[in-house]
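Tertiary structure, described
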Amino acid sequence: MATLTISREYGSGGFEIGRRVAERLEYQLVDKERLFQEMEQAGPRWGRVAREVDEVCPTLWERHDWQYRGYVSQMESLILQYALNDNVVIIGRGGSFLLQTVPFCLRVRLVAPLEVRLEAIMVREGMTREAAGRLIAKVDGERACYIKANYGSDWDADSLYDLSLNTASLTYDGVVDMLVEGLAAKDRLATPEARARLALMALGYRLKARIATDPRVLVPTLDVVPEDDTLVVSGIIHTPKELHRLQEMAREVCGDQPVRFDLHRRA
């Protein structure tokens, strides 16, 4: 029942290792293509936005843009739902940071020396060494910036992960063995209480996504977090009509689940 999230330096083998773990354990592999397909089901707008800004460093304007906030909230909601459904390997997309408080999530970072990654990218992409170096710097830089902008954390901080592995000093099969063993240990932490907490988190993110993608309401600093058995919606509203719409959305998404609004009015 444990979930595996993989954060990876570009060219360190993260996707291949994640695929092998998923195949061995018969887990779902959730990568960008699967998530893009999910986003497209929400509408052509969101599929297009996802492909444009996925794991890309957002500009200051984008961070406050309605479409960008809507994209991030939907991506987070999808990841939480996959984690709730069990037996899943999640590649990138901030999964390790989003699920940081989930005790039965194994959060892993995969790294490798630059020279090893250069060789891997040159072979895989048919690039020169110089072009591969530029691509690695670009992708890693954007991933780090994406995490910093959306989660306020350093992408490469080992303390944020359960395991940090150098794939140059281990075989891929050896890494897979370690991750399968780590997931077995995490399974024991999937208590009914921990799963109930994750279910409430997932519901909160679903409500947040519903609000963030509705152009009729613009709620700066929007957040939806669990407190005991209640979801607390915080942010800034401008009119009583916005509050009424938020209450309607909460009933639509959450049903009988208690929801409390901690909103501030801005004229």
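One can find the structure itself at the top, above this paragraph.
Here the structure is a predicted model, which is why all the values come from computation and not from measurement. (Residues numbered from 1 in each chain as written. Predicted model: local features only at pLDDT ≥ 70, side-chain atom pairs only at ≥ 80, totals over all residues. Heavy atoms only, no water.)

Once that is clear, we can look at the nonpolar core. One finds Met39, Tyr71, Leu80, Phe97, Leu99, Val102 and Leu198 to be the most contacted residues of the largest nonpolar core, which totals 39 residues. For this core, the secondary structure elements donating two or more residues are α2 (32–41), α3 (44–53), α5 (66–85), β3 (88–91), α6 (95–98), α8 (129–151) and α10 (192–212). Of all the elements, α5 adds the most residues to this core, at 11 residues. Apart from residues lying up to four places away in sequence, Phe97 is in contact with Ile147, Tyr151, Ser153, Asp154, Trp155, Leu160 and Tyr161. If you look at the next biggest cluster of nonpolar residues, it comprises 19 residues, including Ile17, Val21, Leu106 and Val176. (Core = buried A, V, L, I, M, F, W, Y, C linked by side-chain atoms within 4.5 Å. Buried < 20%, exposed > 50% of the residue type's maximum accessible area, 1.4 Å probe, protein only. Helix = DSSP H or I, 4+ residues; strand = E, 2+ residues; numbered from the N terminus. Contact = heavy atoms within 4.5 Å.)

This part covers the sheet that holds strand β7 (residues 230–237). Pairing is mixed in the open sheet, where three strands are placed in the order β6-β7-β8. Bordering the open sheet on either side are β6 (223–227) and β8 (259–265), each of which pairs with just one other strand. Taken pair by pair, the neighbouring strands of this sheet meet at an average axis angle of 20 degrees, ignoring direction. Alignment of β6 against β7, held across five bridges, turns out to be antiparallel. The residue of β7 that forms the bridge with Val224 is Val233. Lying over the sheet, α10 contacts β6, β7 and β8, oriented at roughly 160 degrees with respect to β6. (Pairing = 2+ DSSP bridges. Axes fitted to C-alpha atoms, helices over the stretch in contact; angles between N-to-C directions.)

A word on the pattern of salt bridges. Overall, the coordinates contain 23 salt bridges when judged by the stated rule. We note a salt bridge from Arg19 to Glu16, for which the minimum N-O separation is 2.5 Å. Placement of the pair is Arg19 and Glu16 together in helix α1 (residues 14–25), with a separation of three residues, close to one helical turn. Using a relative accessible area of 23% as the deciding quantity, one classes Glu16 as partly exposed. Within this structure, Glu16, Arg19, Arg20, Glu23 and Asp173 form a network of salt bridges that share partners. (Salt bridge = Lys/Arg side-chain N within 4 Å of Asp/Glu carboxyl O.)

Burial of β3 is two-sided: the residues Val88 and Ile90 facing one way and the residues Val89 and Ile91 facing the other way are all buried. Judged from the three bridges that link them, strand β1 (residues 3–8) and β3 form a sheet pairing that is parallel. Paired with Ile6 across the bridge in β3 is Ile91. Pairing of strand β2 (residues 28–30) with β3, which is carried by three bridges, proceeds in the parallel orientation. Paired with Val30 across the bridge in β3 is Ile90.

Right, let's talk about the packing of α5 against α10 for a bit. Running from N to C, α5 and α10 point in directions that differ by 155 degrees, and their axes come no closer than 8 Å. Judged by the inter-axis angle, α5 sits roughly antiparallel to α10. Relative to α10, the crossing made by α5 is left-handed. Of α10, the residues touching α5 (which contributes Trp66, Arg69, Gly70, Ser73, Gln74, Glu76, Ser77, Leu80, Gln81, Ala83 and Leu84) are Arg195, Leu198, Ala199, Met201, Ala202, Tyr205, Arg206, Lys208, Ala209 and Ala212. Taken together, the residues of the contact of α5 with α10 sort by class into 11 nonpolar, five polar and five charged. (Parallel < 35°, antiparallel > 145°, perpendicular 65-115°, else oblique. Left-handed = near helix turned anticlockwise from the far one by under 90°. Nonpolar A, V, L, I, M, F, W, Y, C, P; charged D, E, K, R; others polar.)

Before going further, it helps to examine empty space enclosed by the protein. Within this structure, the stated rule accounts for one cavity of 30 Å³ or more. A volume near 80 Å³ is recorded for the largest cavity. For the lining of the largest cavity, the secondary structure elements donating two or more residues are β1, α6 and α8. Grouping the constituent residues of the lining of the largest cavity by class yields five nonpolar, five polar and four charged. (1 Å grid on protein atoms, 1.4 Å probe; cavity = no way out; pocket = protein on both sides within 12 Å on 5 of 7 lines; lining within 4 Å. Points joined across faces, edges and corners; volume = space filled by probe spheres on them.)

So far we have only geometry, and geometry alone does not tell us how the molecule works.
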